[in-house]
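Working through the structure, step by step
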Amino acid sequence: MTVVPMATTDIKEEPPVSLWRDAWFRLRRNRLAVFGLGVVVLLAFTALFGPYLTPFDFLSQNLDARNMPPSLTHLFGTDDLGRDVFSRVIFGTRTAFLVAIVVTAIAVVIGVTLGALAGFFGGWLDRVVMWLTDMTMSIPNLLLVVVINASLKSPISSWMESRYLATLNPFYRETIWVDFLLVFGSMALISWPPYARLVRAQVLSIRSRPYITAAQALGLTNRIILMRYVVPNALGPLIVAVSAGLGTAMVLESAFSFLGVGVNPPTPSWGNMISDGLRVWQHYPHLLAAPAAVLGLASVAFSFLGDGLNDALNPRGAK
Amino acid sequence: MTKTNTSERLLDVKGLTIEIETRNGPATIVDGIDLHVNKGETLGVVGESGCGKSLTMLSLMRLLPNKIRVTKGTAHFAGRDLQTMSNSELRKVRGGEVGFVFQDPMTSLNPVMRIGQQLAEPLIYHRGMNKAQARKRAGELLKLVGIPGAEDRLDAYPHELSGGMRQRVMIAIGLACNPQLLIADEPTTALDVTIQAQIVDLVKELRDRLGMSIVWITHDLALIAGLVDRVAVLYAGTVVEDAPVDDLFARPAHPYTQGLLASIPKLSDERASRLSSIGGTPPEPGRRPKGCPFAPRCPLAEAICHDKVPVLESLVSAGAHRVACFVAQRKLEAA
Ligand SMILES: Nc1ncnc2c1ncn2[C@@H]1O[C@H](COP(=O)(O)OP(=O)(O)O)[C@@H](O)[C@H]1O
Ligand code: SF4
Ligand SMILES: [Mg+2]
């Protein structure tokens, strides 16, 4: 076969052939997404560095200044123990991010793995995964979490205590991480099914699209097809789900705290602050308003960012 | 050009049968197709939609969807058995030696990949080019298929191009590695009439320049009359007539072909794929008649047609003109 003679042409330097850079340009043109991103970045910064910058220690009590309304010294006022609410909200940001990131990460790993396997291989594997998903979703979430916590928390803690007394091994001394593990674990356990469903549906639908057949007809390997054709096309919806899921996990943590199965006081979390604030909101509304407003803001910001990312990652739809 | 010397055959398909698994057991979709393409030849494959054209072509590259399988027959490309070759050898044939152009340019390109990169992919994979070489070649290919401002278009996403431009991109991708055979599966069906003619002209020009063989699948015989050397007419998963294009237009032998030709003016008016001059519809897979598959719709059907299946045979008068019809064969023997 002869090579076709063709005019040599000047071709520009190879541009950054990156989906991400393009997405970034498109994202910047979306105001809501930029707002969401801004808030998320601010919150993330607060979570990382906030606790070092707060005017007061989140634990330090000032019994002479209890339940103070917002003022210049105490931006969000003080609570019933005279602790600075602003500092506690800031520390709560760290808790919120910790919970959201860990829970979402576990849920995404479980969900994406199961969903992709189910979608790709189908058959009995698909049926088993779908059954698991339906089972998990049909159990009332809060009930499951309360049951897990109630049945596991105290036995594990007391077992650790007895181990510590018997061995004096420092590993058993601190029981706070059991707390976290149970909160994170049970939240992840109820959070993975939507990711599994989403990814399964994505893989199923992308697998039968003509451009996949076209890529196969080009002789490309399954690995390349998976990495460059299937995954990038499945990514948009997953990123939206993850972004919204981070916000949801924060809200979920609050719901758990409200039920007394969340992160335990005195570690400040927006959830336990809201639940404390709810008891006295008629007298000291700022104790409810401050953490609730920040939680609402975070949740909205994550969801705006998710929608923006979806549009940005999908070059067809975005304006 | 239309000699049937086996050694010249680039693609040779014999008795290919494709079945689909259904709840009521396997149903035959393609029933013993015989097709061949000689080196440098352009074959038109014509038939109503649903008659198995696309599945036949996909089966050659072992790309059939789930539950659809080849159950009988052989397929050779350049003397090599496509059905038994290893997967890695097959991947070299796909894209490297046989290029594909699909029906719908809107959905056959990866929506999240720039077209320059989609063009570069096979060049990097089959020709071992580096990114810069592949990009340069991609620009040349876009120019080759007549895309204005070719180099600037390398960074466009598919949705930024019109349907006709996208189909040109598909053709460029199909031709990227200088394949010996280009299989175009209804490449113009999704396009406007004026664009259709442009694409046909483009492929004709490219063929004359590059010298590859082509299988052009269509339900519109008139569209490809000036492009193809030979035509195979498909009906319900079998080849019912196979003839040099001029012969076919001058002396259509099969009643179905005659019906196709009679309906051409109407077809180009309405761009319809239904045959207005032939009543009824093709049999569904799994409900094929016992004898000639066309018998239920055939104006010339006789008793034998409902009982026995006619085979594709050369007419004595014209070796290259083959037809699968009892009546046509008898008539031409007599003449
Ligand atoms: N993925 C599929 N699943 C089930 N049936 C299919 C599938 N693809 C094609 N078919 C059936 O196979 C027959 C032939 O299809 P196809 O080769 O696409 O026809 P053509 O390309 O000639 O229009 C049709 O009856 C169609 O319904
Ligand atoms: S064999 Fe009989 S039924 Fe079939 S096309 Fe010929 S005449 Fe018609
Ligand atoms: Mg088709």
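Residues numbered from 1 in each chain as written. Chains lettered and ligands numbered in written order. Predicted model: local features only at pLDDT ≥ 70, side-chain atom pairs only at ≥ 80, totals over all residues. Heavy atoms only, no water.

What counts here: UniProt positions are given in the numbering used here, feature names are shortened, and annotations may be inferred rather than shown by experiment.
Named according to an unreviewed UniProt entry, chain B is Peptide ABC transporter ATP-binding protein originating from Pararhizobium antarcticum. Of the comments in the UniProt record for chain B, the one headed Sequence similarities (unreviewed entry) reads "Belongs to the ABC transporter superfamily." Per UniProt, chain B carries the Subcellular location (unreviewed entry) text "Cell inner membrane".

Chain A appears in an unreviewed UniProt entry as Peptide ABC transporter from Pararhizobium antarcticum. Here chain A is described in UniProt, under the heading Subcellular location (unreviewed entry), as follows: "Cell membrane".

Digging into the overall build of chain B
Definition in use: In this text, helices come from DSSP runs of H or I with a minimum length of four residues, and strands from runs of E with a minimum of two, each type numbered from the N-terminal end. Throughout, the radius of gyration refers to the C-alpha atoms, and the reference size of a globule is 2.2 Å times the residue count to the power 0.38. We call a residue buried when its accessible area falls under 20% of the maximum for its residue type, exposed when it is over 50%, and partly exposed in between, using a 1.4 Å probe and counting protein chains only. Between two residues, a contact is recorded if the distance between any of their heavy atoms is within 4.5 Å. Accessible surface is estimated by sampling points in the Shrake-Rupley manner with a 1.4 Å probe; for residues, cover comes only from the protein chains shown. His is not counted, nor are the chain ends, whereas Lys and Arg count as positive and Asp and Glu as negative. Here the site of a charge means NZ on Lys, CZ on Arg, CG on Asp, or CD on Glu.
Assigned secondary structure in chain B consists of twelve helices and twelve strands. A compact globule built from 335 residues would reach a C-alpha radius of gyration of about 20 Å, and chain B, at 20 Å, matches this within 12%. Based on the C-alpha atoms only, the size of chain B along its principal axes is roughly 65 × 45 × 40 Å. Expressed as a percentage of the 335 residues in chain B, the buried residues total 56%. In chain B, 63% of the contacts between residues at least 6 apart in sequence involve partners at least 24 apart. Split by element, the accessible area of chain B, about 13600 Å² in all, is 50% carbon and sulfur. Positive and negative side-chain charges of chain B, numbering 40 and 37 respectively, have mean locations separated by a distance of 4 Å.

Section: the UniProt feature "domain: ABC transporter" (unreviewed entry) in chain B
Taken from the UniProt record, the annotation "domain: ABC transporter" (unreviewed entry) applies to residues 11-261 of chain B. Secondary structure within residues 11-261 of chain B divides into 39% helix and 28% strand; the distance between the first and last C-alpha atoms comes to 27 Å.

Things to note about the site of ligand 2
All names here are of chain B. Heads up, the rule is: One heavy atom within 4 Å of a molecule or strand makes the whole residue count as near it. With a 1 Å grid spanning the protein atoms alone, the term cavity applies to any set of points in which a 1.4 Å probe fits but cannot get out, the term pocket to an open set with protein on both sides within 12 Å along at least five of seven lines, and the term lining residue to any residue with an atom within 4 Å of a point. Just a note on the criterion: a molecule sits in a pocket or cavity if more than half of its atoms are within 2 Å of the grid points. Amino acids outside the nonpolar list (Ala, Val, Leu, Ile, Met, Phe, Trp, Tyr, Cys, Pro) and the charged list (Asp, Glu, Lys, Arg) are all regarded as polar, and Gly is one of them.
Near ligand 2 there are 13 residues, and of these His254, Cys292, Cys298, Cys305 and Cys325 occur at the shortest range. When atoms are counted within 2 Å of each cavity's grid points, the one that captures over half of ligand 2 is the second largest cavity. The residue inventory of the shell around ligand 2, partitioned by class, reads twelve nonpolar, one polar and no charged.

Things to note about the side chain of Arg26(A)
All names here are of chain A. Under the convention used in this document: Under the rule applied, a polar contact is a pair of N or O atoms within 3.5 Å (in protein, one hydrogen donor and one hydrogen acceptor; residues adjacent in sequence only if both atoms are side-chain atoms).
Here Arg26 shows up in helix α1 (residues 19-28). Take Arg26: its relative accessible area is 14%, and that puts it in the buried class. Within the local environment of Arg26, its side chain forms a polar contact with the backbone oxygen of Ala312, the two atoms lying 2.9 Å apart.

Some words on the pattern of salt bridges
Side-chain pairing between opposite charges can occur once the charged atoms of the two side chains come close. Residues and elements named next belong to chain B. Let me state the cut-off plainly: Counted as salt bridges are all cases of a side-chain nitrogen of Lys or Arg within 4 Å of a carboxyl oxygen of Asp or Glu.
Tallied over the full model, the rule gives 21 salt bridges over all chains. The partner of Lys53 in a salt bridge is Glu186, with the nearest N and O atoms 3.6 Å apart. Of this pair, Lys53 sits in helix α1 (residues 53-60) while Glu186 sits in the loop between β7 (181-185) and α7 (193-210), and the two are 133 residues apart along the sequence. For the pair Lys53 and Glu186, a shared accessibility class is recorded, and that class is buried. With a closest N to O distance of 3.9 Å, Asp155 and Arg114 form a salt bridge. Note that Asp155 is positioned in the loop between α5 (150-153) and α6 (163-175) and Arg114 in the loop between β6 (98-101) and α3 (115-127), a separation of 41 residues in sequence. What makes Asp155 buried here is its relative accessible area of 18%. By relative accessible area, Arg114 is classed as buried at 9%. By sharing partners, the salt bridges in this structure join Glu41, Arg230, Asp242 and Arg322 into a single network.

Description of helix α2 (residues 87-96) of chain B
The set of residues buried in α2(B) consists of Leu90(B), Val93(B), Arg94(B), Gly95(B) and Gly96(B). At its buried positions, α2(B) is contacted by α7 (210-217) of chain A together with β4 (68-77), β5 (80-81), β6 and α3 of chain B.

Comments concerning the packing of aromatic side chains
Rules: Here is the rule: rings of Phe, Tyr and Trp (six-membered ring for Trp) pair when centre to centre is within 6.5 Å. Planes less than 30 degrees apart are stacked, more than 60 are edge-to-face, and the remainder are tilted.
Taken as a whole and judged by the stated rule, the model has seven aromatic pairs over all chains. Aromatic side chains Phe45(A) and Phe49(A) sit 5.0 Å apart centroid to centroid with 55° between the ring planes, which places their arrangement in the tilted category. Pair noted here: Phe45(A) and Phe49(A) are both in helix α2 (residues 31-53), with a separation of four residues, about one helical turn. The partly exposed category is assigned to Phe45(A), whose relative accessible area is 44%. Assessed through its relative accessible area of 39%, Phe49(A) is described here as partly exposed. Look at Tyr235(B) and Phe294(B): their rings are 5.0 Å apart centre to centre, the planes differ by 80°, and that puts the pair in the edge-to-face class. In this pair, Tyr235(B) is assigned in strand β9 (residues 230-235) and Phe294(B) in the loop between α11 (264-270) and β11 (313-315), connecting sequence segments 59 residues apart. This pair shows no difference in class: Tyr235(B) is buried, exactly as Phe294(B) is. Taken together, the ring pairs connect Tyr235(B), Tyr256(B) and Phe294(B) into an aromatic cluster.

Thoughts on the layout of surface pockets
Residues and elements named next belong to chain A. Defined as follows: Grid points are joined across faces, edges and corners, and a volume is the space filled by probe spheres set on the points.
Counted as a void, the largest pocket has a volume near 1100 Å³. The set of elements that each furnish at least two residues to the lining of the largest pocket consists of α3 (85-121), α6 (176-207), α7 and α8 (222-258). The leading source of residues in the lining of the largest pocket is α8, at ten residues. Classifying every residue of the lining of the largest pocket gives 23 nonpolar, eight polar and five charged.

Observations concerning the UniProt feature "transmembrane region" (unreviewed entry) in chain A
All names here are of chain A. According to UniProt, the positions carrying the feature "transmembrane region" (unreviewed entry) are residues 32-53, 96-121, 128-151, 171-190, 237-263 and 284-305. Secondary structure across residues 128-151 divides into 92% helix and 0% strand, with the first and last C-alpha atoms of the span separated by 27 Å. Between the end C-alpha atoms of residues 237-263 the distance is 30 Å, and the span holds 81% helix and 0% strand.

Here's the deal with the site of ligand 1
Residue and element names in this part refer to chain B. Residues in close proximity to ligand 1 total 13 residues, the closest being Gly50, Gly52, Lys53, Ser54 and Leu55. The backbone of Gly52 places a nitrogen or oxygen atom 3.1 Å from an oxygen atom of ligand 1. Within the contact set of ligand 1, an oxygen atom lies 2.8 Å away from a backbone nitrogen or oxygen of Lys53. Within the complex, the protein chains bury 64% of what would otherwise be the 560 Å² of accessible surface of ligand 1. Per element, the largest residue contribution to the shell around ligand 1 is three residues, and it comes from α1. Class assignment of the residues belonging to the shell around ligand 1 gives a composition of seven nonpolar, four polar and two charged.

Some words on the pairing of β6(B)
Residues and elements named next belong to chain B. Spelled out, the test is: By definition, two strands form a pair when at least two bridges between them are found by DSSP.
Here β6 shows no split at all, with Val98 and Phe100 on one side and Gly99 and Val101 on the other all buried. Where β6 lies against β7, four bridges are found, and the strand directions are parallel. Bridging from a neighbouring strand, Val101 pairs with Ala184 of β7.

Quick look at the packing of α2(A) against helix α10 (residues 285-313) of chain A
In helix packing, the relevant descriptors are the interaxial angle and the interaxial distance, both defined with respect to the helix axes. Residues and elements named next belong to chain A. For clarity, the threshold we go by: Geometry is summarised by axes, namely lines fitted to C-alpha atoms with helices restricted to the contacting stretch, and by angles between N-to-C directions that run from 0 to 180 degrees. Any angle between 65 and 115 degrees counts as roughly perpendicular, while under 35 counts as roughly parallel, over 145 as roughly antiparallel, and the rest as oblique. Working rule for handedness: look at the near helix, and if it is turned counterclockwise from the far one by less than a right angle, call the crossing left-handed; if clockwise, right-handed.
Relative to each other, α2 and α10 sit at 130°, their axes nearing to 7 Å. By the angle between their directions, the pair α2 and α10 is classed as oblique. The chirality of how α2 crosses α10 is left-handed. Contact residues: Leu32, Ala33, Phe35, Gly36, Leu37, Val39, Val40 and Leu43 in α2; Val294, Leu297, Ala298, Ala301, Phe302, Phe304, Leu305 and Gly308 in α10.

Description of the packing of α2(A) against α3(A)
All names here are of chain A. Following both chains from N to C, one finds α2 and α3 inclined at 115°, their axes separated by 8 Å at the closest point. α3 is crossed by α2, and the crossing has left-handed handedness. In contact with Val40, Leu43, Ala44, Thr46, Ala47, Leu48, Gly50, Pro51 and Tyr52 of α2, α3 contributes Ile90, Phe91, Thr93, Arg94 and Phe97. Of the residues in the contact of α2 with α3, the class split is ten nonpolar, three polar and one charged.

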